[in-house]
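# Coordinate analysis (summary)
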Amino acid sequence: AYGEYSPDGAIFIDSANSRGFSDFDTVMYGHNMSSGTMFKTLHNYEDEEFLRNNRNVYVYTPNSTLCYTVFAAYRTNDRYLTRILILGLCKMTKK
């Protein structure tokens, strides 16, 4: 529950992102828990029929509920993501 300790950790957004989900892309981190919590169920989107029938995902914050439409899903590692974040931070800080 919100604000309570969990041995599984917590889902959180990258420090380069705004807290209000106003960036073009927001990077979220969490675990692929075998219990089905956090990001485990995202693997369901690898099935095209599931994707067609479950287009919306929701992000619940203390102040609002955000709805996003899934248009594509694929499996990847985080190596490329780290490079994008580093390049993005360099672009944001250059004058």
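Notes on the structure follow. (Residues numbered from 1 in each chain as written. Predicted model: local features only at pLDDT ≥ 70, side-chain atom pairs only at ≥ 80, totals over all residues. Heavy atoms only, no water.)

## Points about the overall build of the protein chain
Of the regular secondary structure elements, the protein chain holds 2 helices and 4 strands. Counting over 95 residues, the protein chain shows a buried share of 12%. Within the protein chain, counting contacts between residues at least 6 apart in sequence, those at least 24 apart form 27% of the total. By element, 54% of the accessible surface of the protein chain is carried by carbon and sulfur atoms, the whole surface being about 8,400 Å². (Helix = DSSP H or I, 4+ residues; strand = E, 2+ residues; numbered from the N terminus. Buried < 20%, exposed > 50% of the residue type's maximum accessible area, 1.4 Å probe, protein only. Contact = heavy atoms within 4.5 Å. Areas by Shrake-Rupley, 256 points an atom, 1.4 Å probe, with all protein chains shown as cover.)

## Observations concerning unusual backbone geometry
Not every positive phi belongs to a glycine, and Phe21 is a case in point at roughly 60 degrees. Structurally, Phe21 is set in the loop between strand E1 (12-13) and strand E2 (28-29). On the basis of relative accessibility, which here comes to 16%, the residue Phe21 falls in the buried class.

## Quick word on the pairing of strand E4 (residues 65-69)
For strand E3 (residues 56-60) and E4, the ladder comprises 5 bridges, and the chain directions are antiparallel. Paired with Val59 across the bridge in E4 is Leu66. Adjacent in sequence and paired antiparallel, E3 and E4 are bridged by 4 residues. (Pairing = 2+ DSSP bridges.)

## Quick look at the side chain of Asn17
Counting through the fold element by element, Asn17 comes out in the loop between E1 and E2. Side chain to side chain, Asn17 and Asp23 meet in a polar contact 3.1 Å long. Sequence-distant contacts of Asn17, defined by excluding residues within four places in its chain, comprise Asp23, Asp25, Thr26 and Val27. (Polar contact = N/O pair within 3.5 Å; in protein donor to acceptor, adjacent residues only side chain to side chain.)

That is the geometry; function is a separate question.
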